[in-house]
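Given next are the chains, with one letter for each unit.
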Amino acid sequence: MFFHLDKDIAGQWRWTLYATNHRKIADSGEGYWNKSDCLHGIDLVKGTNYATPVRKG
């Protein structure tokens, strides 16, 4: 499982969570103007599973 971090066409940061089979299982649902805010959203979803990597596209 991994998070994919990328900018959308509006220039906002978004994340997507993919399963090990590369199927999308969740996304941010909103864009973030600040990368740090997007990363904080990822941390909230991670909870105690800190080992899930974040990949930047």
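Before any of the text, the structure's been laid out above.
Residues numbered from 1 in each chain as written. Predicted model: local features only at pLDDT ≥ 70, side-chain atom pairs only at ≥ 80, totals over all residues. Heavy atoms only, no water.

> Is there a simple way to explain the overall build of the chain in this structure?
Helix and strand content of the chain: one helix and four strands. Secondary structure elements of the chain, listed N to C terminal, follow the sequence β-β-β-α-β. Against the compact-globule benchmark of 10 Å for 57 residues, the chain has a radius of gyration of 11 Å, which places it among compact chains. Seen along its three principal axes, the alpha-carbon backbone of the chain occupies a region of about 30 × 20 × 15 Å. By sequence separation, contacts in the chain at least 24 residues apart represent 35% of the contacts at least 6 residues apart. (Helix = DSSP H or I, 4+ residues; strand = E, 2+ residues; numbered from the N terminus. Rg over C-alpha atoms; globule rule 2.2 N^0.38 Å. Contact = heavy atoms within 4.5 Å.)

> Teacher, can you tell me more about the packing of aromatic side chains here?
Each aromatic ring pair is summarised here by two numbers: the centre-to-centre distance and the angle between the ring planes. Evaluation of the coordinates by the stated rule reveals two aromatic pairs. Plain terms: the ring middles of Phe2 and Tyr18 are 5.3 Å apart, the flat faces sit at 20 degrees to each other, and that makes the pair stacked. Taken together, the residues span a long stretch of sequence, with Phe2 in strand β1 (residues 2-7) and Tyr18 in strand β2 (residues 13-18) at a distance of 16 residues. Geometrically, the ring pair formed by Phe3 and Trp15 is edge-to-face, given 5.5 Å between the ring centres and 75 degrees between the ring planes. Pair noted here: Phe3 is in strand β1 and Trp15 is in strand β2, with a separation of twelve residues, a long-range link. Each member of the pair, Phe3 together with Trp15, is buried. Its guanidinium or amino end placed over the ring of Phe2, Arg55 lies 4.0 Å from that ring's centre, counting from NZ or CZ. (Phe/Tyr/Trp six-rings, centres within 6.5 Å; stacked < 30°, edge-to-face > 60°. Buried < 20%, exposed > 50% of the residue type's maximum accessible area, 1.4 Å probe, protein only. Lys NZ or Arg CZ within 6 Å of the ring centre and 35° of its normal.)

> Could you clarify how one ought to interpret the side chain of Lys46 in this entry?
Structurally, Lys46 is set in helix α1 (residues 35-46). Put simply, Lys46 is tucked away with no salt bridge, and the nearest opposite charge, on Asp43, sits 4.5 Å away. Within polar-contact distance, the side chain of Lys46 engages the backbone oxygen of Thr52 at 3.0 Å. For Lys46, the contacting residues outside a window of four places in its chain are Phe3, Thr52 and Val54. (Lys, Arg positive; Asp, Glu negative; His and termini not counted. Salt bridge = Lys/Arg side-chain N within 4 Å of Asp/Glu carboxyl O. Polar contact = N/O pair within 3.5 Å; in protein donor to acceptor, adjacent residues only side chain to side chain.)

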